Amino acid sequence: IVYLVMSVPVRHNSRKYSLELLSDVTRSMFVSSGWKNDNTDVLRIIEDFNDAAVRDSLTGLYNKNYIIDQMLNYFSREDKSEKLAAVILNVDDFKKFNLKYGSDLGDVVIERLANIIKRHVDADDHKVWAGRLGGSSFAVFFLGKTAEYVDEVSRRIREQTAELSFRESDDAPAAYVSVGSTEVADSDTLESFVDRLEKSLYAEMIRRKLEQRRKQQ
């Protein structure tokens, strides 16, 4: 038996309530909407809810919870013959950028960075997945891909995210993105893998900032 539960907000005597409606859709697997005069496939509703639960609302990439679940699943395997590699990205000094230019432009930075990542990730390839870890941090994970493949995708992302500009003028705001990467070693735990991934990002951020200072001198 399949039931569809719908929650409708109602107000009574100045108080708010949630009215839950239960509908048996076992036979038809459709729910009818009288006010819209249409039929909606329940399986599609469930699929949409499931997809929304693992997606970041701003970018459409996988969210942090999904990424954590995938990594936990990988490190719980006995057979790790398919190596896991990752590329991690972060917008440098993103909090300062938001304070200076506003969160609306900050969201534009996040969306542009996400779109660059999407261009280099095949949505139909279930062995490559990209997600937003939170704030201005993103990661792309590769399962069982060659080192050459990972390096090429990483190189393309680095090139296109080296500097994100928004206006054609000398004082145009620019966001700079640091990119780190690593691959699972045989002795790795989840903690050691994540630690090395974060250190690779930090090292890249320091290298880029030193390079910027040399150019300004």
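Residues numbered from 1 in each chain as written. Predicted model: local features only at pLDDT ≥ 70, side-chain atom pairs only at ≥ 80, totals over all residues. Heavy atoms only, no water.

Student: Give me the lowdown on the overall build of the protein chain, citing residues and values where you can.
Tutor: From N to C terminus, the protein chain includes six helices and ten strands. Burial analysis of the protein chain (217 residues in total) assigns 36% to the buried set. Restricting to contacts in the protein chain with at least 6 residues of sequence separation, those with at least 24 account for 55%. Accessible surface computed for the protein chain: about 14,300 Å², of which carbon and sulfur atoms make up 49%. (Helix = DSSP H or I, 4+ residues; strand = E, 2+ residues; numbered from the N terminus. Buried < 20%, exposed > 50% of the residue type's maximum accessible area, 1.4 Å probe, protein only. Contact = heavy atoms within 4.5 Å. Areas by Shrake-Rupley, 256 points an atom, 1.4 Å probe, with all protein chains shown as cover.)

Student: So what's going on with the pattern of salt bridges? Residues and values would help.
Tutor: When charged atoms on two side chains of opposite charge get close, those side chains can pair. Going through the model one piece at a time under the given rule, you end up with 13 salt bridges. Across the salt bridge formed by E159 and R155, the nearest N and O atoms sit 2.6 Å from each other. With E159 and R155 both in helix α5 (residues 147-161) and four residues apart, the pair spans about one turn of that helix. When its relative accessible area of 54% is taken as the criterion, E159 is described as exposed. Note that R207 and E204 form a salt bridge whose closest N and O atoms lie 2.8 Å from each other. Placement of both R207 and E204 in helix α6 (residues 190-216) is noted, with a separation of three residues, approximately one turn of the helix. (Salt bridge = Lys/Arg side-chain N within 4 Å of Asp/Glu carboxyl O.)

Student: How would you sum up unusual backbone geometry? Please name residues and give values.
Tutor: Residue D93 is not a glycine yet carries a positive backbone phi of 50 degrees. Note that D93 resides in the loop between β5 (84-91) and α3 (94-101).

Student: Break down the packing of aromatic side chains for me, citing the residues and quoting the values.
Tutor: If you walk through the whole model with that rule in mind, you get seven aromatic pairs. Arranged with centres 4.9 Å apart and planes meeting at 50 degrees, the rings of F97 and Y101 form a pair that is tilted. Here Y101 and F97 lie together in helix α3, a separation of four residues that amounts to about one turn. Of the aromatic side chains, those joined through ring pairs into one cluster are Y74, F75 and F193. (Phe/Tyr/Trp six-rings, centres within 6.5 Å; stacked < 30°, edge-to-face > 60°.)

Student: Give me the lowdown on the layout of surface pockets, citing residues and values where you can.
Tutor: Within this model, the largest pocket holds a volume of roughly 320 Å³. Of the residues that constitute the lining of the largest pocket, the class distribution is nine nonpolar, three polar and four charged. (1 Å grid on protein atoms, 1.4 Å probe; cavity = no way out; pocket = protein on both sides within 12 Å on 5 of 7 lines; lining within 4 Å. Points joined across faces, edges and corners; volume = space filled by probe spheres on them. Nonpolar A, V, L, I, M, F, W, Y, C, P; charged D, E, K, R; others polar.)

Student: Any details on the side chain of D188? Residues and values, ideally.
Tutor: Residue placement: D188 occurs in the loop between β10 (177-183) and α6. Overall, D188 belongs to the buried group, its relative accessible area being 12%. Engagement of the side chain of D188 in a polar contact is seen with the side chain of S192, the distance being 2.7 Å. At a separation of 2.5 Å, a polar atom in the side chain of D188 contacts the side chain of R196. D188 has contacts with F75, E183, F193 and R196, leaving out every residue within four places of it along the chain. (Polar contact = N/O pair within 3.5 Å; in protein donor to acceptor, adjacent residues only side chain to side chain.)

Student: Now, about the nonpolar core: what can you tell me, with residues and values included?
Tutor: Grouped together as the largest cluster of nonpolar side chains are 25 residues, with contacts concentrated most on L89, V91, L113, I117, F138, V140 and F142. Sorting the residues of this core by element identifies β5, α3, α4 (103-119), β6 (128-134), β7 (137-143), α5 and β10 as the ones contributing at least two each. Sorting elements by how many residues they give to this core places α4 first, with six residues. Discounting chain neighbours no more than four positions away, the residues touching I117 are L89, A130, F138 and V140. (Core = buried A, V, L, I, M, F, W, Y, C linked by side-chain atoms within 4.5 Å.)

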